[in-house]
Amino acid sequence: MKLVCLGLNHETAPVEVRERFALLDGALDGETESLVSSDDVLEGVVLSTCNRTEYYAVVNGGTGVTDLKNWICQRREYNGSTEGFFYHYEARDAAEHLCRVASGMNSMVLGETEIFGQVKKAYKRSLEGGATKSVLNKLFQRAFGVGKKVRTHTAIQEGATSVAGASVELAEKVFGRLQGSSVMVIGAGEMSRKTARALQSRGASSVMVTNRSFDKAADLAEEIGGRAVPFSGWEEELSHLDVVIAATGAPHFVVKPQHVEAVRRKRKFRPLIMVDIAVPRDIDPEVGEIEEVYLYDIDTLQEMADEARKRREEQLRLCEEIIREEIDKASLPAVND
Amino acid sequence: MVMGISWVVIATVLAAAGGVVGVVALRSDKVGRRAALVCMALSFGAQLMALGWRGELRGQCPLGDLGEICLFMAWSLTLFYLVTGTTYRVSLLGVFTAPFVFLLQVISLIPGAFEKNVVSAESIDAWREAHTSLSVLSYGALALAAVAGVMFFVLNYQLKARKFGGGLVQGMPSISRLVQAMARIAVVGWVILTAGIIAGLLMPKGNFGIHLMVATITWVLYAVLLGVYFVRGLPGRQLATGLTVLFVLSLVVFAKL
């Protein structure tokens with residue numbers, strides 16, 4: 001009896017290969033059921049996310065990784081080369097890999113938290129389908145414990161690693177909690193959407209969208225549950241805003257010092273955070289000279305995200321230590337007995 | 001005397017420990033921050049013991065010499081920090097408060113700051129006692145508002161200059177929270193000062209001194225600053241500047257008197 005892990009992810013396979021092996025939510029149960037229906041496979045969990053597809057299985061001694069890989073390729077009707085796309089781990093290495101995955105150490109965005117829930121969901125489905133027994137039950141329970149410990153004992157998930165996340169982090173540094181805060185997005189592109197979404201996820205309640213093309217503003221507003229404002233009227237809204245995100249394609253400054261100066265008294269000089277993610281910039285840098293305005297451009301946000309990524313990478317050694325220690329401590333069949 | 005002064009020494013050492021532990025714990029060490037808070041709470045206890053010693057000697061509120069005034073103010077500052085620090089979850093305020101408390105207590109430990117041969121008061125004027133104690137108490141709150149102002153300057157500079165690294169900016173409360181804390185603590189101080197001044201006006205005739213006059217001018221200046229902030233609004237930096245300058249100025253004037 002041995003534990004094996006076979007999979008492919010964003011580091012080993014291009015998207016056109018990953019999509020061939022990715023499993024939609026509805027197909028997961030069938031795949032797991034089919035996996036454990038073989039006499040040689042005693043237990044199994046199938047994990048499929050946008051960046052990885054992995055099979056964890058407890059197999060009879062004679063069954064090799066190649067057999068498993070062939071079985072998967074056959075099911076996907078994949079006849080192309082698999083050279084270098086798949087990775088495999090056995091016994092302890094497989095256990096450590098699962099812990100890394102659950103901890104977000106193997107994710108495209110290092111330390112991201114979504115993967116933890118995805119692994120949990122994959123395990124739960126296998127458990128409910130009767131596809132797991134003592135080996136995988138113990139292993140996955142341990143991996144969840146390790147994942148939590150890695151996240152609480154290291155800085156692997158600290159700091160924002162995206163421009164949108166960095167914007168939220170800055171807004172929170174100025175306002176604390178964003179519950180009830182008002183946001184205006186100038187421009188209706190992809191970056192505007194991402195940043196508005198990120199702010200909403202942290203509690204921003206009122207989001208206004210303005211754009212030269214009102215239709216685009218209305219579309220984005222509808223998508224994110226906000227309100228579209230005609231471009232000619234955005235200045236009037238400035239008096240009650242907390243956060244302004246500017247991401248238009250305008251070749252000149254859209255927001256100028258006089259726009260803010262005109263509403264300072266009306267705002268009772270409350271802090272205002274302005275995030276300029278456009279190139280060329282939308283907000284005149286002189287706006288940042290106004291006392292209560294905190295202005296950040298794309299370079300600052302990118303720098304913040306890069307630094308956070310660097311800090312997370314520095315935590316990897318510590319995370320590996322935790323994983324090794326926890327696997328050593330555990331009594332896991334087919335791993336360290 | 002030896003036993004009494006040792007409480008001041010203990011309070012001073014604990015305040016220093018609170019500051020040092022707090023600074024070391026800035027890099028997101030929550031346990032360390034709690035330890036800093038505990039140090040300040042213990043320092044507060046030692047200050048109470050020291051004030052009790054001086055109060056017993058004087059037979060009245062211990063505000064008769066430089067040592068007692070500094071000690072009373074350190075106690076008042078620590079008291080407001082312990083109350084507001086937990087209310088606003090601005091434990092970092094302790095890191096900024098501790099050095100000031102430490103400094104005040106070091107001044108009180110300078111030889112001669114505490115009068116040696118204290119004569120116990122034969123009679124107590126309740127209004128005078130209330131006036132002096134409430135005035136010094138209010139200065140504790142106003143000092144804390146100024147400390148919050150200093151925190152605002154530090155955070156504002158870091159956010160404006162885009163210096164986001166280090167534990168200091170990470171451990172700070174938000175700009176909005178600091179502005180709110182500054183204003184509210186200053187209001188508490190101003191209300192207590194108002195009570196102190198009213199008590200001063202009720203003192204028997206002949207006791208109206210220059211202290212009361214300066215206290216009244218201070219009260220008016222704080223009233224104007226807070227009035228402008230609440231009615232018209234003020235940028236956080238101007239409020240912080242006003243609170244810090246007013247506090248330092250009034251402290252210097254009182255020290256000269």
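From a predicted model like this one, the values you see are computed outputs, not experimental measurements.

Quick notes on the rules
Residues numbered from 1 in each chain as written. Chains lettered and ligands numbered in written order. Predicted model: local features only at pLDDT ≥ 70, side-chain atom pairs only at ≥ 80, totals over all residues. Helix = DSSP H or I, 4+ residues; strand = E, 2+ residues; numbered from the N terminus. Contact = placed C-beta atoms within 7 Å. Buried ≥ 20, exposed ≤ 12 C-beta atoms within 10 Å, placed from the backbone. Pairing = 2+ DSSP bridges. Axes fitted to C-alpha atoms, helices over the stretch in contact; angles between N-to-C directions. Nonpolar A, V, L, I, M, F, W, Y, C, P; charged D, E, K, R; others polar. Domains from an automatic or database assignment. Left-handed = near helix turned anticlockwise from the far one by under 90°. Core = buried A, V, L, I, M, F, W, Y, C linked by C-beta atoms within 7 Å. Expected span 1.5 Å × (residues − 1). pLDDT = per-residue confidence, 0-100.

**Side note on the overall build of chain A**
Then, in step 1: When its secondary structure is counted, chain A shows 13 helices and 10 strands.
Then, in step 2: A principal-axis box enclosing the C-alpha atoms of chain A has dimensions of 80 × 40 × 35 Å.
Then, in step 3: When contacts within chain A are restricted to residue pairs at least 6 apart in sequence, long-range pairs at least 24 apart make up 70% of them.

**Here's the deal with the overall build of chain B**
Then, in step 1: Secondary structure assignment for chain B yields nine helices and zero strands.
Then, in step 2: Each helix and strand of chain B, ordered N terminal to C terminal, gives the series α-α-α-α-α-α-α-α-α.
Then, in step 3: Within chain B, buried positions represent 45% of all 257 residues.
Then, in step 4: Contacts in chain B between residues far apart in sequence, at least 24 positions, make up 80% of those at least 6 positions apart.

**Side note on the sheet that holds strand S7 (residues 227-230) of chain A**
Residue and element names in this part refer to chain A.
Then, in step 1: Pairing is parallel across the open sheet formed by six strands, whose spatial order is S7-S6-S5-S8-S9-S10. A strand with exactly one partner marks an edge of an open sheet, and here the two such strands are S7 and strand S10 (293-297). Averaged over all adjacent pairs, the angle separating strand axes in this sheet is 20 degrees, with direction ignored.
Then, in step 2: Here strand S5 (residues 182-186) runs beside strand S8 (residues 243-246); their pairing, made up of four bridges, is parallel. Considered in S8, the bridge of Val185 is made with Ile245.

**Some thoughts on the interface of chain B and chain A**
Then, in step 1: On the chain A side, the residues contacting the 14 residues of chain B number 13 residues.
Then, in step 2: Sorting the residues of the side of chain B that touches chain A by element identifies helix H5 (126-160), helix H7 (175-201) and helix H9 (236-256) of chain B as the ones contributing at least two each.
Then, in step 3: Here the element with the most residues in the side of chain B that touches chain A is H7(B); it accounts for three residues.
Then, in step 4: When its residues are assigned to classes, the side of chain B that touches chain A shows six nonpolar, four polar and four charged.

**With respect to the domain arrangement of chain A**
Then, in step 1: Once the domains are mapped, chain A shows domain 1 (2-156 + 315-329) and domain 2 (163-305).
Then, in step 2: Here domain 1 of chain A and domain 2 of chain A have C-alpha centroids that lie 41 Å from each other.

**Quick notes on the packing of H7(B) against helix H8 (residues 210-231) of chain B**
The angle between the axes and the distance between the axes are what describe a pair of packed helices.
All names here are of chain B.
Then, in step 1: H8 packs onto H7 with a crossing angle of 145 degrees between their chain directions and a minimal axis gap of 10 Å. Seen along the crossing, H7 lies across H8 with a hand that is left-handed. Side by side, H7 and H8 meet where Ala183, Ala186, Val187, Trp190, Leu193, Thr194, Gly196, Ile197 and Gly200 of the first sit next to Leu212, Ala215, Thr216, Trp219, Tyr222, Ala223, Leu226 and Tyr229 of the second.

**Details of the nonpolar core**
Then, in step 1: In terms of nonpolar packing, the biggest core is built from 129 residues, with A:Ile245, B:Ala148 and B:Met182 touching the most fellow members.
Then, in step 2: Top element by residues in this core is H5(B). It accounts for 16 residues.
Then, in step 3: In this structure, B:Met182 is in contact with B:Ala145, B:Ala148, B:Gly149, B:Phe152, B:Leu239, B:Ala240 and B:Leu243, ignoring residues within four places of it in sequence.
Then, in step 4: Core analysis: the second largest hydrophobic core is formed by 50 residues, A:Val41, A:Ala95, A:Leu98 and A:Val146 among them.

**What to know about the sheet that holds strand S3 (residues 52-59) of chain A**
Residue and element names in this part refer to chain A.
Then, in step 1: Read across the sheet, four strands follow the order S2-S3-S1-S4 without closing on themselves; strand pairing throughout is antiparallel. A single partner strand is all that each edge strand has here, and the edge strands are strand S2 (41-48) and strand S4 (87-90). On average, adjacent strands in this sheet sit at an angle of 15 degrees to one another, irrespective of strand direction.
Then, in step 2: Bridging between strand S1 (residues 2-9) and S4 involves four bridges; their strand directions are antiparallel. Its bridge partner being in S4, Val4 is matched across the sheet by Glu90.

**Brief notes about the pairing of strand S9 (residues 272-276) of chain A**
Residues in a regular strand point their side chains to alternate faces of the sheet.
Residues and elements named next belong to chain A.
Then, in step 1: Burial within S9 is extensive, with five of its five residues counted as buried.
Then, in step 2: Along S9, one buried face is formed by Leu272, Met274 and Asp276 and the opposite face, lined by Ile273 and Val275, is buried too.
Then, in step 3: Of the pairings in the sheet, the one linking S8 to S9 comprises four bridges and is parallel in character. Following the sheet pairing, Val244 is matched in S9 by Met274.
Then, in step 4: Sheet topology places S9 next to S10; five bridges connect them, and they run parallel. Following the sheet pairing, Ile273 is matched in S10 by Tyr294.

**Focus: the environment of A:Asn51**
Residue and element names in this part refer to chain A.
Then, in step 1: Assignment of secondary structure puts Asn51 in the loop between S2 and S3.
Then, in step 2: Placed 265 residues apart in sequence, Asn51 and Leu316 show a C-alpha to C-alpha distance of 20 Å.
Then, in step 3: Beyond its immediate stretch of four places on either side in the chain, Asn51 contacts Asn9, His10 and Met108.

**Let's talk about helix H12 (residues 298-314) of chain A**
Structurally, the α-helix is built with 3.6 residues per turn, so residues lying three or four positions apart point the same way.
Then, in step 1: Between its terminal C-alpha atoms H12(A) stretches 24 Å, which fits the 24 Å expected from 17 residues at 1.5 Å a residue.
Then, in step 2: Elements in contact with the buried residues of H12(A): helix H7 (163-175) and S10 of chain A.

**Digging into unusual backbone geometry**
All names here are of chain A.
Then, in step 1: Residue Val279 is joined to Pro280 through a cis peptide bond whose omega torsion reads 0 degrees.
Then, in step 2: In this fold, Pro280 is placed in the loop between S9 and S10.
Then, in step 3: A positive phi angle is found at Lys268, which is not glycine, with a value near 55 degrees.
Then, in step 4: By the element assignment, Lys268 lies in the loop between helix H11 (257-261) and S9.

**Quick word on the confidence of the model for chain B**
Then, in step 1: Mean pLDDT over chain B stands at 84; residues scoring 70 or higher make up 88%.
Then, in step 2: Note on the complex model: pTM 0.75, ipTM 0.78.

**Let's talk about the pairing of S3(A)**
All names here are of chain A.
Then, in step 1: The buried fraction of S3 amounts to eight of the eight residues, a majority that puts the element mostly inside the structure.
Then, in step 2: With seven bridges joining them, S2 and S3 adopt antiparallel strand pairing. Residue pairing for S3: Gly44 is matched across the bridge by Ala57.
Then, in step 3: In textbook terms, the turn of a hairpin is the stretch between consecutive antiparallel strands, and for S2 and S3 this stretch comprises three residues.

**Some words on the environment of A:Arg265**
Then, in step 1: Its location among the elements puts A:Arg265 in the loop between H11 and S9.
Then, in step 2: Sequence separation of A:Arg265 and A:Ser239 is 26 residues, and the distance between their C-alpha atoms is 8.8 Å.

**Considering the environment of A:Thr210**
Residues and elements named next belong to chain A.
Then, in step 1: Mapping Thr210 onto the fold places it in strand S6 (residues 206-211).
Then, in step 2: For Thr210, a count of 28 C-beta atoms within 10 Å gives the class buried.
Then, in step 3: Taking the C-alpha atoms as reference points, Thr210 and Leu238, separated by 28 residues in sequence, lie 12 Å from one another.

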